[in-house]
Amino acid sequence: MEQTKKCPSCGGTMIFNPGFKSLLCQSCGRKDIIPELVSKIPVEEMDFLTAQNTASHDWGMEAKLVQCKQCGGVTIQNKLQMSGFCPFCGSTTVEAADPAQDIMAPNGVIPFEITEKRALYIFKDWIKDRFLAPELLAQNAQLNKFYGVYVPLFTFDVLTINRFTGHYNENNRTLFKSGRFQHQVDDFPVVASKQLSTDKLLLNVIKDYRTNEAKPYTPDALAGFPCEHYSVGLSEAWNGIGSEMDSYLKNQALRQVESKFLMGIQMATEYYNLKYKYLVVPVWINSFFYDNKLYTVLINGQTGKIDGQWPKSFGTFAKKTAMFFLGSFGIE
Ligand SMILES: [Zn+2]
Ligand SMILES: [Zn+2]
């Protein structure tokens, strides 16, 4: 098993190079394309029912669980490339826990397309419309660093057979309508991160992936980047899908009746041939504490979509402070 990526030219450490599907040597600048990331091979759809027996636990590297003492976030890091910080809150009080042998390894990866520099520009644009207080600058040196991390995402494929009833109004009369349809659900995403799924804004960012562009898992794509340990297991992810899948299928039902606006839809659904993919997907995280509360801003590492939390109580110092603040990023 390969332990770490050493540069064939100079022996330096190679890390994943966002946007280039390649490894980059930190010492001499050598770039090596990662074959898996340029292959046309799709990520395998895994059978849900036999997942326990067939899921891989091989991360392709010596992986360690690392837990943050400040925010509790758990990441998986290459033992020989441990970064020593927490990507969720920036804290350096992290502790290496157990080896990650028993933790299911992903079968697909979406590599970083957005570079750290690009992430800063996206952030700069976003922040222009928001207010900043001077205290923030004083208290939060951490804010001017983006951390890249891979986050776990399950996607589900399933064949559904649906029966529905509903009613609609026509000429002041209530009419009933029922129907039956079959629908193949493709790549329905469930975020397996409790750390980032507590907030709707953050969820919007981590559901925005083009999952059909995922590539077969390779540890090279993770070189130099921690990967969050899934805190929602595979079964839990599927079992918790209920209401979201419901509203998705109700929308499909509405398409069956075209122009009629159905109300009070009742549905019964049977599921067949459940398959899943376990992907790790890239995000840039910027987080900071304000009034003892952790705020997080996320940028989707594939699409550049940004959203996040921001203290609502900030004053109206906006422009001047913002300009100074952004200047400290060195991107003005
Ligand atoms: Zn080198
Ligand atoms: Zn943390």
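Every chain is numbered on its own, with residues counted from 1 as its sequence reads. Chains and ligands are labelled sequentially in the order written, the chains with letters from A and the ligands with numbers from 1. Since the coordinates come from a predicted model, pLDDT governs what is reported: local features require at least 70, and pairs of side-chain atoms require 80 or more to be given and counted, while whole-chain, interface and lining totals use all residues.

Caption draft 1: Expanded view of the overall build of the protein chain. Only DSSP runs of H or I covering at least 4 residues are called helices, and only runs of E covering at least 2 are called strands; the numbering of each starts at the N terminus. Each helix and strand in the protein chain was counted, giving eight helices and 15 strands. We call a residue exposed when 12 or fewer other C-beta atoms sit within 10 Å of its C-beta, buried when the count reaches 20 or more, and partly exposed for counts in between; the C-beta positions come from the backbone. Counting all 332 residues of the protein chain, 33% fall into the buried class. Looking at the protein chain alone, contacts between residues at least 24 apart form 72% of all its contacts between residues at least 6 apart. Placing C-beta atoms from the backbone, we regard two residues as in contact once those atoms come within 7 Å.

Caption draft 2: Spotlight on the sheet that holds strand β1 (residues 14-17). Any two strands are treated as partners once DSSP identifies two or more bridges connecting them. Within the open sheet, the three strands sit side by side as β1-β2-β3. Their pairing is antiparallel. Every other strand in the sheet has two partners, leaving β1 and β3 (31-33) as the edge strands with one partner each. Sheet twist, expressed as the average angle between the axes of neighbouring strands with direction ignored, equals 30 degrees. Where β1 meets strand β2 (residues 22-25), four bridges bridge the pair, whose relative direction is antiparallel. In the sheet register, phenylalanine 16 faces β2, and the bridge partner there is leucine 23. To obtain each axis, a line is fitted to C-alpha atoms, and for helices this fit is confined to the stretch in contact; angles are then taken between N-to-C directions over 0 to 180 degrees.

Caption draft 3: Up close: the confidence of the model for the protein chain. Residue-level confidence of the predictor is summarised by pLDDT, bounded by 0 at the bottom and 100 at the top. In the predicted model, the protein chain carries a mean pLDDT of 84, and 86% of its residues have values of at least 70. In this model, residues 315-324 is a region of pLDDT below 50 whose contacts with residues beyond four sequence positions or in other chains number 14 contacts. Note that pLDDT drops below 50 for residues 326-332; the model gives that stretch 10 contacts with residues more than four away or on any other chain.

Caption draft 4: Spatial organisation of the nonpolar core. Joined through C-beta atoms within 7 Å, a set of buried Ala, Val, Leu, Ile, Met, Phe, Trp, Tyr and Cys residues constitutes a nonpolar core. By size, the foremost hydrophobic cluster in this structure holds 67 residues, and its most contacted members are Val151, Phe154, Ile206, Val281, Val283 and Leu298. Ignoring anything within four residues of it in the chain, the contact list for leucine 298 reads Leu196, Leu202, Val205, Ile206, Val283, Ile285, Ile306, Asp307 and Gly308.

Caption draft 5: Structural detail: the pairing of strand β14 (residues 293-300). Inspection of the sheet shows β14 paired to strand β15 (residues 306-308) by three bridges, in the antiparallel sense. If you follow valine 297 over to β15, its bridge partner there is glycine 308. Where β14 folds back on β15, the antiparallel hairpin that results is connected by five residues, among which glycine 304 adopts a positive phi of roughly 85 degrees.

Caption draft 6: Just helix α7 (residues 242-256), in detail. For α7, built from 15 residues, the straight-helix expectation of 21 Å at 1.5 Å per residue is met to within 8% by its first-to-last C-alpha distance of 21 Å. Where α7 ends, the next residue or the one after it, glutamate 258, has phi of about 45 degrees, a positive value. For a helix, the expected span equals 1.5 Å multiplied by the number of residues minus one.

Caption draft 7: Main features of helix α3 (residues 116-127). Along its 12 residues, α3 runs 16 Å from first to last C-alpha, staying within 8% of the 16 Å computed at 1.5 Å per residue. Taken together, the buried positions of α3 are occupied by Ala119, Leu120, Phe123 and Ile127. All buried residues of α3 project into a common sector of 100 degrees when viewed along the axis, lining one side. Pointing more than 90 degrees away from the buried face of α3 are the exposed residues Lys117 and Asp125. Each direction from the helix axis to a C-beta atom contributes to the arc, which is the arc of those directions.

Caption draft 8: Region of interest: the environment of proline 189. Within the secondary structure, proline 189 sits in strand β10 (residues 173-191). When the C-alpha positions of proline 189 and lysine 277 are compared, they lie 9.4 Å apart, and in sequence the two are 88 residues distant. Those residues in contact with proline 189 that lie beyond four places of it in its chain are Leu153, Thr155, Lys207 and Thr211.

Caption draft 9: Representation of unusual backbone geometry in the model. Phi is positive for asparagine 172, close to 65 degrees, though the residue is something other than glycine. Following the sequence through the fold, asparagine 172 ends up in the loop between β9 (147-170) and β10. The exposure class of asparagine 172 is exposed, given the 5 C-beta atoms found within 10 Å. In this model, aspartate 187 sits at a positive phi of 50 degrees, which is unusual for a non-glycine residue. Inspection of the secondary structure puts aspartate 187 in strand β10.

Caption draft 10: Region of interest: the environment of valine 297. Among the structural elements, valine 297 can be located in strand β14. Beyond its immediate sequence surroundings of up to four residues, valine 297 is in contact with Phe123, Asn286, Ile306 and Gly308.

Caption draft 11: Focus on the pairing of β10. As judged from the 17 bridges shared by β9 and β10, these two strands associate in the antiparallel manner. The residue of β10 that forms the bridge with isoleucine 161 is glutamine 182. Between β9 and β10, which follow one another and run antiparallel, lie two residues, and asparagine 171 among them has a positive phi close to 45 degrees.

Caption draft 12: Here's a closer look at the environment of threonine 160. In this fold, threonine 160 is placed in strand β9. As for threonine 160 and glutamate 270, which are separated by 110 residues in sequence, their C-alpha atoms are 5.6 Å apart. With near-sequence residues (within four places) excluded, threonine 160 lies in contact with His183, Val185, Leu249, Thr269 and Tyr271.

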